[in-house]
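Overview (structure and organization)
Residue-level listing of the chains:
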Amino acid sequence: MNWDSQEIAKRIGADHPNKEAKPIKRILFDSRQFSMGEGQLFFALVGKHHDGHNYIEELYLKGIRVFVVQGISSNNFGDAIFLKVEDSLKALQMLGKGIRTSIDPRLVAVTGSNGKTVVKEWLYRLLAHQAKAYRSPKSFNSQIGVPLSLWGMPEDTEIGIFEAGISQPHEMHHLAEILKPRFGIFTNIGSAHGENFDSLEQKIEEKLKLFTEAELLVFPADQPILRKAIDSFASQRELNLLTWSFEEHQARAWFQILAKTSAGTSFQFKSPEGHLKGFVPFTDEASLQNVANALYLAIALGFEPESLRAPLKSLGPIEMRLEMKEGHQNSLLINDAYNSDLESLRVALHFLQEHGKDRSRVLILSDMLQSGLAPEELRIAMSEIIGSQNLEAVFAIGPQLSKAALDLPMPAHYFASTDEFLGQMTSYQWQDRAILLKGSRPFAFERIDSFLARQRHETVLEIHLNRLVHNLNFYRSRLKDGTKLMVMVKAFAYGAGIEEVARVLAFHGVDYLAVAYADEGVALRKAGITLPIMVLNPEQSALDSFFEYNLEPEVYSFRRLAEFKELAFQLGEPLKIHLKLETGMHRLGFSPDDLPRLIQILKQSPHLELASAFSHLAASDNPEEADFTRGQISRFKAMTLDLEAHFGTHFLKHIANTGAIESFPEAHFDMVRLGIGLYGVAAHPEEQAQLLTVAELKATVSQIKAVKAGDTVGYGRAWRAEEDATIAVISIGYADGFSRSLSNGIGKVWIKGKTYPVIGRVCMDMCMVSIGSDPIKEGDEVLIFGDALPVQEVAEAMNTIAYEVLTGISPRVKRVYFMA
Ligand SMILES: *Cc1c(COP(=O)(O)O)cnc(C)c1O
């Protein structure tokens, strides 16, 4: 939209101050989205545990001059424009409605349990070559995402495709009022209704509110519960139901599967609205369902079925991921394969800056297709975004970019095509660089990626940083305002990679980090992390580094206390310390009897500053030990009261680990220490249901082999084939962290939707499974644990806990990072 602050004020019912209106190009609601440039407006949203108003000063100092606020004194911000509203979320939604009234494309809304984003993207790809189509970015489908998506819609859009999702009852009618869709797709319904809905029926009914005023709805007829709910919904209004099914005579349309090969599926689509024989490069049922949903809607919109054949054939998976991994020659490679647009360029550059802090950074980008902007406008916008970054060089690929160069303060090299770039690549320096790849699909940047990446590893631990952030926010939502959050990144961040995780945590504003040893803290400092860091085991050999690197030790004994006191005195430097109190774990810490002496020593140690006093719960994850836990909490309270009597209340008190955050709010005190929960593992099933899997350990099938009846497999001949069998050799063994205790059917792995028990003994670098006649090939991916096979199950089989499995994954297993 091209509205200025005056027009926006009018749309959201706010008074515009008597100042010149400012043009607005970009809307932010999270201070972390900030990037340099004019024309930004900040909506200060207020959530349960978050208040955007707290960031106004920071954003003002960075140059933002227009704010939508819920009543705040604007006196200190001379030249800024404050638009005051009662509820800034409602104002954002009003703005969305206003845009919808002034741009009226044929609007399609997509909802359902799974596949929303894929269906939205695929429908877009089916149509984009023959109509001016716009689709909401990424998975912007929420109460905030939908109005923001509308803001990005060009005025001449003919078909607008929007995703709508809800997490709570009563949310959908807001989205319906904003979007007013005429056309709809209900992708499918999953089997779980989630904690916020009473039943699946209630969830479907809520989602259907999106289509209250729609004319036409596409959905799969094969799910009886969905069909029944939609039939009853439609009986009360004029809504044409375009049902389809994989079976004949089950619905209005038939998506008939003709043949499946390894390359894809040939199908025939028959509906009263149109016929098409086509091919798609997938075979799995979920993808075919997504195809059928998108295809039927495209046909229903009146597009010639034949015109859809070519785009159907080239439908690819939706790359929505930003991947980070080691490259050649110690480089760091970030590949953002998401459709390239200005907003995602901004996000990716920010990610590059965060994770490539300690390196020279370069950007390799392609022409941006379908940005909706005129070439010159696009060139200016790209120049502004890229030019504000501190980059060593920019490599720009594509006819558009090489025709009209960007205005950049850093050196830029232009290439007409990816091939031309690949031909000249070796003449540039890639060593030690942090490299961001940002290419539109047709430019096939995966070829550059495979050139710069180290050889593909057969066994990798995939870390989903976006899901880690989700888990962080879940636990944060359980804290009262003002309670601080310390995150445990000891043991290589529970195996996930300490620097990468710490950077994300720093970005998301946690208060403290904790590591086990000083050298981990030093590594974080060298990586540019400035958050306070507590060190659980200050070894005697490393005492100096606490001063040199500004680390804060846990102090649990008089001996260590004396050493720190002495050293601080000699150096004449202050040191923040954290006292460990013994309340029932009986591991490290000062007991109540020690307090008088401890207090006396501290009073005579002007260089030691009491930063916090804390204790650790022995059984917070076990409801049967709740009384014991309460006992620990009350002993902790008593001991800290004693300390407060002498030192005041300035130091922090903390005792809660993951297990206590949800179950013992009374244990939160001033700060909680989040560990395993961040990594997606909770003690209680209800809590587990709210978390996302962060780490997925994946191996590959190295070889498929036929064995004859009577043959034995592996060391010790521990498994004997009863009959002729086919086995798969998998690229993971006990040296990777796949314990030998998983031998002989105790452990299992997951391949293409099925689990297979381990046969024989786990070797150092591999293990074997028997695969029957299943169509498994060499090179296929094998999941050791992850979404489809929870790490807790592996832990159980190993007779241990998830902590040990996660932290036991060998450093030789490469970590690859994803950010959606
Ligand atoms: C590891 C650790 C935690 C975190 O425990 P989780 O159960 O992983 O949440 C908290 N406090 C201390 C002192 C720890 O050592």
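Residues numbered from 1 in each chain as written. Predicted model: local features only at pLDDT ≥ 70, side-chain atom pairs only at ≥ 80, totals over all residues. Heavy atoms only, no water.

**Concerning the overall build of the chain**
Test applied: Think of it this way: any DSSP run of H or I at least four residues long counts as a helix, any run of E at least two long counts as a strand, and we number them from the N terminus. Computation of the radius of gyration draws on C-alpha atoms, with the globule rule given as 2.2 Å multiplied by the number of residues to the power 0.38. When accessible area is computed with a 1.4 Å probe and restricted to protein chains, residues below 20% of their type maximum are described as buried, those above 50% as exposed, and intermediate ones as partly exposed. The criterion used for residue contact is that any of the two residues' heavy atoms lie within 4.5 Å. When charges are counted, Lys and Arg contribute as positive and Asp and Glu as negative, whereas His and the chain ends are disregarded. The atom standing in for a charge is NZ when the residue is Lys, CZ when it is Arg, CG when it is Asp and CD when it is Glu.
A count of helices and strands for the chain gives 27 helices and 37 strands. Relative to its length of 820 residues, the chain is compact, with a C-alpha radius of gyration of 29 Å against a globular reference of 28 Å. Burial analysis of the chain (820 residues in total) assigns 55% to the buried set. The long-range fraction of contacts in the chain, counting pairs at least 24 apart against all pairs at least 6 apart in sequence, stands at 65%. Across the chain, the centroid of the 85 positively charged side chains sits 2 Å from that of the 102 negatively charged ones.

**So, the packing of aromatic side chains**
Here is the rule we go by: Stacked, tilted and edge-to-face are the three classes assigned to paired rings of Phe, Tyr and Trp, where Trp is represented by its six-membered ring and a pair needs centres within 6.5 Å; plane angles under 30 degrees give stacked, over 60 edge-to-face, the rest tilted.
Summed over the entire model, instances satisfying the criterion amount to 26 aromatic pairs. With a centroid separation of 5.1 Å and an interplanar angle of 20 degrees, the aromatic rings of Phe 67 and Phe 82 are classed as stacked. Note that Phe 67 is positioned in strand E3 (residues 66-69) and Phe 82 in strand E4 (residues 81-84), a separation of 15 residues in sequence. By the burial criterion, Phe 67 is buried, and Phe 82 matches it. An angle of 80 degrees between the planes, with centres 5.1 Å apart, marks the rings of Phe 636 and Phe 669 as edge-to-face. Remark: Phe 669 occurs in the loop between helix H24 (658-663) and strand E28 (671-674) and Phe 636 occurs in helix H23 (residues 626-647); sequence separation between them is 33 residues.

**Digging into the environment of Asn 550**
With respect to the helices, strands and loops of the structure, Asn 550 is situated in the loop between helix H20 (543-548) and strand E24 (552-555). Along the backbone, Asn 550 and Gly 808 are 258 residues apart, and their C-alpha atoms lie at a distance of 29 Å. Apart from residues no more than four positions distant in its own chain, Asn 550 is found in contact with Arg 525 and Ser 545.

**Brief notes about the sheet that holds strand E1 (residues 26-28)**
We apply this condition: By the convention used here, strands pair only if DSSP detects at least 2 bridges between them. Angles shown run from 0 to 180 degrees and are taken between the N-to-C directions of axes, each axis being a line fitted to C-alpha atoms and, for helices, limited to the stretch in contact.
Strand order in the open sheet formed by four strands is E1-E2-E3-E4, and the pairing between neighbours is parallel. Edge strands, defined here as strands with exactly one partner in the open sheet, are E1 and E4. Each adjacent strand pair in this sheet contributes to an overall mean axis angle of 20 degrees, direction not counted. Note: E1 against strand E2 (residues 40-43), three bridges, orientation parallel. In the sheet register, Ile 27 faces E2, and the bridge partner there is Leu 41.

**Quick word on the sheet that holds strand E7 (residues 159-163)**
Taking strand neighbours across the sheet as the criterion, the nine strands line up as E6-E7-E5-E8-E9-E10-E11-E12-E13 in an open arrangement whose pairing is mixed. With partners counted over all chains shown, the strands left at the sheet margins are strand E6 (133-135) and strand E13 (274-280), one partner each. Adjacent strand axes in the sheet meet at a mean angle of 15 degrees, parallel and antiparallel pairs treated alike. Relative to strand E8 (residues 183-186), strand E5 (residues 106-111) runs parallel, the two sharing four bridges. Its bridge partner lying in E8, Ala 109 is registered against Gly 184. Of the strands in this sheet, E5, E6, E7 and E8 touch helix H4 (residues 116-127), which is tilted by about 165 degrees from E7. Here helix H8 (residues 224-234) sits on the sheet in contact with E8, strand E9 (216-220) and strand E10 (240-245), set at roughly 165 degrees to E9.

**Things to note about the pairing of strand E17 (residues 393-397)**
Counting buried positions along E17 gives five out of five residues, so the element sits mostly inside the fold. With burial as the criterion, each face of E17 is covered, one bearing Ala 393, Phe 395 and Ile 397 and the other bearing Val 394 and Ala 396. Both strand E16 (residues 361-366) and E17 contribute to a ladder of five bridges, which runs parallel. For Ser 366, the partnering residue across the bridge sits in E17 and is Ile 397. By the bridge criterion, four bridges tie E17 to strand E18 (residues 412-415) in an arrangement that is parallel.

**Side note on the pattern of salt bridges**
Rules: One speaks of a salt bridge when a side-chain nitrogen belonging to Lys or Arg is within 4 Å of a carboxyl oxygen belonging to Asp or Glu.
Inspection of every chain in the model, using the stated rule, returns 42 salt bridges. Salt bridges linked by common partners bring Lys 120, Glu 121, Arg 135 and Glu 163 together as one network.

**So, the environment of Leu 692**
Within the secondary structure, Leu 692 sits in the loop between helix H25 (685-688) and strand E29 (695-707). Between the C-alpha atoms of Leu 692 and Asn 466, which are 226 residues apart in sequence, the distance is 9.4 Å. Those residues within four positions of Leu 692 in sequence are excluded, and the remaining contacts are Arg 467, His 470, Asn 471 and Gly 680.

**Brief notes about the site of the ligand**
What counts is decided by this rule: Any residue with a heavy atom positioned within 4 Å of a molecule or strand is treated as near that molecule or strand. Within 3.5 Å is the distance limit for a polar contact, defined as a pair of N or O atoms, with the added protein rule that one can donate a hydrogen and the other accept it, and that residues adjacent in sequence qualify only through two side-chain atoms. For accessible areas, the Shrake-Rupley method is used with a probe of radius 1.4 Å. Any residue's cover is judged against the shown protein chains and nothing else. Throughout this entry, Asp, Glu, Lys and Arg are counted as charged residues, while Ala, Val, Leu, Ile, Met, Phe, Trp, Tyr, Cys and Pro are counted as nonpolar. The remaining residues, Gly among them, count as polar.
Looking at the ligand, the residues that line it are Met 488, Lys 490, Tyr 494, Leu 536, His 616, Asn 657, Thr 658, Arg 673, Gly 675, Ile 676 and Tyr 803. For the ligand, an oxygen atom lies 3.2 Å from a polar atom in the side chain of Asn 657. Between the ligand and Arg 673, the relevant distance is 2.7 Å, taken from a nitrogen atom to a side-chain nitrogen or oxygen of the residue. Protein contacts shield 94% of the accessible area of the ligand, which totals 390 Å² for the unbound molecule. Grouping the constituent residues of the shell around the ligand by class yields five nonpolar, four polar and two charged.

**Examining the packing of helix H21 (residues 558-571) against helix H22 (residues 595-603)**
To keep it simple, the criterion reads: An angle below 35 degrees is treated as roughly parallel, one above 145 as roughly antiparallel, one from 65 to 115 as roughly perpendicular, and anything else as oblique.
In the contact formed by H21 and H22, the axes pass within 11 Å of each other and the chain directions differ by 5 degrees. The pairing of H21 with H22 is recorded here as roughly parallel in orientation. Taking contact as the criterion, the partners of Phe 558, Leu 561 and Lys 565 in H21 are, on H22, Arg 597, Leu 598, Ile 601 and Leu 602. Here the residues of the contact of H21 with H22 are counted per class, giving five nonpolar, no polar and two charged.

**Notes on H21**
Keep this limit in mind: In this scheme, a helix's expected span is set at 1.5 Å multiplied by one less than its residue total.
The end-to-end C-alpha separation of H21 is 20 Å, in line with the 20 Å expected for 14 residues at 1.5 Å each. When we look at burial in H21, the residues that qualify are Phe 558, Arg 560, Leu 561, Glu 563, Phe 564, Leu 567 and Ala 568. As for H21, its buried residues are in contact with H20, E24, strand E25 (575-580), H22 and strand E26 (608-614). Just past H21, the residue Gly 572 takes up positive phi, approximately 65 degrees.

**With respect to the side chain of Arg 100**
In this structure, Arg 100 sits in helix H3 (residues 88-102). Here Leu 179 takes part through its backbone oxygen, which lies 2.5 Å from a polar atom of the side chain of Arg 100. Sequence-distant contacts of Arg 100, that is, excluding residues within four places in its chain, are made with Pro 105, Leu 107, Leu 150, Ile 178, Leu 179 and Lys 180.

**Focus on the packing of helix H16 (residues 465-476) against helix H18 (residues 498-507)**
To keep things clear, this is the line we draw: By the definition used in this description, the sense in which the near helix is turned from the far one sets the handedness, with an anticlockwise turn below a right angle giving left-handed and a clockwise turn giving right-handed.
Relative to each other, H16 and H18 sit at 50 degrees, their axes nearing to 11 Å. Classified by the angle between their axes, H16 and H18 sit oblique to one another. Seen along the crossing, H16 lies across H18 with a hand that is right-handed. Within the contact between the two elements, H16 uses Leu 465, Leu 468, Val 469 and Leu 472 and H18 uses Val 501, Val 504 and Leu 505.

**Observations concerning a negative patch on the surface**
Under the convention used in this document: Patch membership is restricted to residues that have no salt bridge and whose relative accessible area is over 30%. Joining uses 9 Å for like charges and 5 Å for the nonpolar side chains Val, Leu, Ile, Met, Phe, Trp and Tyr.
Taken together, Asp 222, Glu 247, Asp 284 and Glu 285 make up a surface patch of like negative charges. Mapped onto the fold, Glu 285 is located in helix H9 (residues 285-300). Judged by its relative accessible area of 54%, Glu 285 falls in the exposed class.

**Overview of H22**
Owing to its 3.6 residues per turn, the α-helix aligns residues three or four sequence positions apart on the same side. Just so we agree on the cut-off: The arc refers to the directions leading from the helix axis to the C-beta atoms.
Taken residue by residue, H22 has Leu 595, Leu 598, Ile 599, Ile 601 and Leu 602 as its buried positions. Taken around the axis of H22, the buried residues stretch over an arc of 165 degrees, which confines them to a single face. Of the surrounding elements, those touching the buried residues of H22 are H21, E25 and H23.

**Examining the environment of Ala 80**
On the secondary structure map, Ala 80 appears in the loop between E3 and E4. Residue classification places Ala 80 among the buried residues on the basis of a relative accessible area of 2%. Linking Ala 80 and Ser 810, residues 730 residues apart in sequence, is a C-alpha distance of 53 Å. Ignoring anything within four residues of it in the chain, the contact list for Ala 80 reads Lys 19, Tyr 60, Arg 65 and Phe 67.

**Looking at the pairing of E9**
Within E9, five of the five residues are buried, which leaves the element mostly enclosed by the surrounding structure. What you see with E9 is no split at all: Leu 216, Val 218 and Pro 220 on one side and Leu 217 and Phe 219 on the other are buried throughout. Judged from the three bridges that link them, E8 and E9 form a sheet pairing that is parallel. Note on E9: the bridge partner recorded for Gly 184 is Leu 217.

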